[in-house]
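# Coordinates in review
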Amino acid sequence: MKTKLTRQLESTLYQYCLEQGAYVVEEVSMPDDRGIVDTLSYQQLPDGSIDWRCYELKVTKADFHSKAKLSFIGNYNYFVLPQKLYAEVADEIPSHIGVLIYRAFDQRAMDLAPQTLRAPGFLTVAKKAQHQALQVDPEPLTAHFIASLFREVDKAKRVKKGLKLYSDDQLYKELRKRAQAGYDVYDPEQNLYDRFLADSQNDAITALQEELDARNADYHALQLKYQALSQPDLREQL
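Note that the structure is a prediction, hence the values are computed from the model and not measured.

What follows is about the sheet that holds strand β2 (residues 36–44). The six strands are arranged β1-β2-β3-β4-β5-β6 in an open sheet whose pairing can be described as mixed. Where the open sheet ends on each side, the last strands, each with one partner, are β1 (23–29) and β6 (121–127). Here the average twist between neighbouring strands, direction ignored, is 30 degrees.

Further remarks concern the environment of A143. By secondary structure assignment, the location of A143 is in helix α5 (residues 138–161). A sequence separation of 113 residues divides A143 from M30, and the C-alpha atoms of the two residues are 10.0 Å apart.

Turning to helix α1 (residues 4–19), a few remarks are in order. Residue pairs spaced three or four apart in an α-helix point in one direction, given the helix's 3.6 residues per turn. A rise of 1.5 Å per residue sets the reference length of α1, with its 16 residues, at 22 Å; its end C-alpha atoms lie 23 Å apart and thus fit the reference within 8%. Where α1 is concerned, the buried positions are T6, L9, E10, T12, L13, Q15, Y16 and C17. Residues of α1 that are buried in the fold lie against β1, β2, β3 (50–57), β4 (76–82), β5 (98–104) and β6. In the stretch just after α1, G21 is the one whose phi turns positive, near 85 degrees.

The next subject is the pattern of salt bridges. Evaluation of the coordinates by the stated rule reveals four salt bridges. With a closest N to O distance of 2.8 Å, D51 and R53 form a salt bridge. Note on D51: relative accessible area 5%, which makes it buried. Close ionic contact of E152 with R151 constitutes a salt bridge, the shortest N to O distance being 2.8 Å. Overlapping salt bridges, with partners in common, bring together R151, E152 and K155 in one network.

A separate point is the pairing of β3. Counting buried residues in β3 gives six out of eight residues, a clear majority hidden from the surface. The hairpin formed by β2 and β3 contains five residues between the paired strands, and G48 there has a positive phi angle of roughly 95 degrees.

Looking now at the pairing of β1. Where β1 and β2 come together, six bridges link them in antiparallel fashion. Paired with E26 across the strands is T39, a residue of β2. If you look at the hairpin formed by β1 and β2, you'll find six residues sitting between the two strands, and D32 has a positive phi there, around 60 degrees.

Here we come to the packing of aromatic side chains. According to the stated counting rule, one finds eight aromatic pairs in the structure shown. Taking 6.2 Å as the distance between ring centres and 35 degrees as the angle between the ring planes, the aromatic pair formed by Y23 and Y42 counts as tilted. Here Y42 lies in strand β2 and Y23 lies in strand β1, a separation of 19 residues in the sequence. Here Y23 falls in the exposed class, since its relative accessible area comes to 55%.

Each value, and the rule that gives it
- Residues numbered from 1 in each chain as written.
- Predicted model: local features only at pLDDT ≥ 70, side-chain atom pairs only at ≥ 80, totals over all residues.
- Heavy atoms only, no water.
- Pairing = 2+ DSSP bridges.
- Helix = DSSP H or I, 4+ residues; strand = E, 2+ residues; numbered from the N terminus.
- Axes fitted to C-alpha atoms, helices over the stretch in contact; angles between N-to-C directions.
- Expected span 1.5 Å × (residues − 1).
- Buried < 20%, exposed > 50% of the residue type's maximum accessible area, 1.4 Å probe, protein only.
- Contact = heavy atoms within 4.5 Å.
- Salt bridge = Lys/Arg side-chain N within 4 Å of Asp/Glu carboxyl O.
- Phe/Tyr/Trp six-rings, centres within 6.5 Å; stacked < 30°, edge-to-face > 60°.

This is the structure we're talking about:
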């Protein structure tokens, strides 16, 4: 599960890569069993060559020292770190690996911004990465990159289409799963089922009341029409 800080680094890095003119996607599996890189960018240079950059995001010292494989197979490879973590691990970073430092925008500055900011912070280059030859065959790497892009597009389309993609049985199972996660008998409003039933009942009551009001209006109009037909003085008023 990604932490809030990890998501902030990820979204800021995504915007950073876009501003550099690169295509970018997260969590790309590498060819030749070289692990999964947190973020991979692809940029075509003016001379026609391709610039591949790998980014590994770390937010804690334990995360930095994780045994997970570092997929630094690109032409340029970077750690993306908060300032505090960089100060703690700077001496452990290989000379050829670059470092981008994340800093969050001040909340007051965000509130005063003339338009909504596209990222929660910004990145600065604390250490430049040294160029290296691509460590894997470019053709399968490109295929993996495209597959990851398709995955993200598919996710976006699913979100856009919403719950229509899921069967009633799938939705029911998911509701059951969430209900069983922990039922609070002392605060029913916090429980998904109770909230759903209460909203459904309120919707039903509202619909019935609207129907009743409409029928009463029709009844009142018919009653006035009947009285008008039976009383000449009211007939002239209508």
